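Structural description and commentary
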Amino acid sequence: RLDKQELAFGDVLYTKSEDLELTVSNTGKVAFPFVLNSSAKHVLEAHPAKGTVAANDKQVVTVRLKPGLPVSIAETLAVELAHFEPFDLPVTGTGVFAHVAVSLPRDEKRSHVPRSLGGTWAKCLLKTREKMTGRPSKAAVEIEANRLLFLDSLTSPGAAA
């Protein structure tokens with residue numbers, strides 16, 4: 001018997017690994033073997049992957065998730081207990097990439113906004129909001145306006161090499 005019906009790792013930094021414990025219990029009077037197999041061995045490991053659980057004893061198995069990429073992971077761990085049919089234990093998690101977005105206050109007197117983007121920061125924000133679909137947040141408009149200014153600085157004559 002297993003103490004969990006699924007293993008949900010949640011968010012894991014894609015460059016790190018995370019461990020969860022799974023307990024195999026034997027409430028019977030005879031020892032039985034167990035085997036845990038993963039089809040995605042580069043992402044999912046179990047230690048020990050096989051062994052024997054003595055009568056009225058428990059075996060703790062450590063399952064390790066190693067995302068490797070910032071993606072959602074949905075794998076299965078094939079579990080064989082004693083003579084019973086193997087079954088799949090769902091394992092889920094998400095490889096995440098740590099990041100931060102920062103928006104600093106703008107000094108409008110020193111900021112240069114090209115005429116093509118409105119000439120002033122306030123007009124640039126207005127123009128950007130008009131181009132965006134739906135009802136974007138103030139932060140989304142500022143991020144997009146900053147992106148447009150940055151792209152303009154890359155493509156305008158005299159931009160720094």
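Residues numbered from 1 in each chain as written. Predicted model: local features only at pLDDT ≥ 70, side-chain atom pairs only at ≥ 80, totals over all residues. Heavy atoms only, no water.

Concerning helix H2 (residues 138-155)
Note the following rule: In this text, helices come from DSSP runs of H or I with a minimum length of four residues, and strands from runs of E with a minimum of two, each type numbered from the N-terminal end. Given the number of residues in a helix, its expected span is that number minus one, multiplied by 1.5 Å. Exposure classes here rest on a 1.4 Å probe applied to the protein chains alone. A residue is buried below 20% of its type maximum, exposed above 50%, and partly exposed in between. Note that the arc is defined by the directions from the helix axis to the C-beta atoms. By definition, residues are in contact when any of their heavy atoms lie within 4.5 Å.
Compared with the 26 Å implied by 1.5 Å per residue over 18 residues, the 26 Å span of H2 between its first and last C-alpha is a close match. Looking at H2, one finds that the buried residues are Val141, Glu142, Ala145, Leu148, Leu149 and Asp152. Down the axis, H2 shows its buried residues gathered within 125° of arc, on one side only. Seen from the open side of H2, the exposed residues pointing more than 90 degrees away from its buried face are Ile143, Leu154 and Thr155. In this structure, the buried side of H2 is in contact with helix H1 (121-131).

With respect to the pairing of strand E3 (residues 32-38)
This is how the line gets drawn: One bridge is not enough; two strands pair if DSSP finds at least two bridges between them.
Residues Phe32, Phe34, Leu36 and Ser38 point to one face of E3 and are all buried, whereas Pro33, Val35 and Asn37, pointing to the other face, are not buried. Note that E3 and strand E5 (residues 50-53) share four bridges and pair antiparallel. Note that in E5 the partner of phenylalanine 32 across the bridge is valine 53. Here E3 runs beside strand E7 (residues 72-81); their pairing, made up of five bridges, is antiparallel. Looking at the pairing, valine 35 lines up with glutamate 80 of E7.

Overview of H1
Listing the buried residues of H1 in full gives Trp121, Cys124, Leu125 and Thr128. Along the axis of H1, the buried residues cluster in a sector spanning 100°; they form a single face. Seen from the open side of H1, the exposed residues pointing more than 90 degrees away from its buried face are Lys123, Leu126 and Glu130. Of the surrounding elements, those touching the buried residues of H1 are H2.

As for the sheet that holds strand E4 (residues 44-47)
Filter applied, for reference: Each axis is a line fitted through C-alpha atoms, taken for helices only over the stretch in contact, and angles between the N-to-C directions span 0 to 180 degrees.
Spatial ordering of the open sheet is given by E2-E6-E4, a layout of three strands whose pairing is antiparallel. The open sheet terminates on both sides in strands that have one partner only, identified here as strand E2 (18-26) and E4. When the angles between neighbouring strand axes are averaged without regard to direction, this sheet yields 25°. As paired strands, E4 and strand E6 (residues 57-65) are joined by four bridges and run antiparallel to one another. In the strand pairing of E6, glutamate 45 is matched with arginine 64.

Topic: unusual backbone geometry
Cis peptide bonds are those with omega within 30 degrees of zero, and the linkage from histidine 47 to proline 48 qualifies with -10°. Position of proline 48 among the secondary structure elements: in the loop between E4 and E5. Within the chain, asparagine 56 stands out as a residue other than glycine whose phi angle is a positive 50°. By the element assignment, asparagine 56 lies in the loop between E5 and E6.

Looking at the sheet that holds E3
With mixed pairing, the five strands of this open sheet are ordered in space as E1-E8-E7-E3-E5. Among the strands making up the open sheet, the edge pair consists of strand E1 (7-13) and E5. Sheet twist, expressed as the mean angle between neighbouring strand axes with direction ignored, is 25°. When E7 meets strand E8 (residues 87-96), the two strands line up antiparallel, connected through eight bridges. Bridge assignment links serine 72 to a residue of E8, and that residue is threonine 94.

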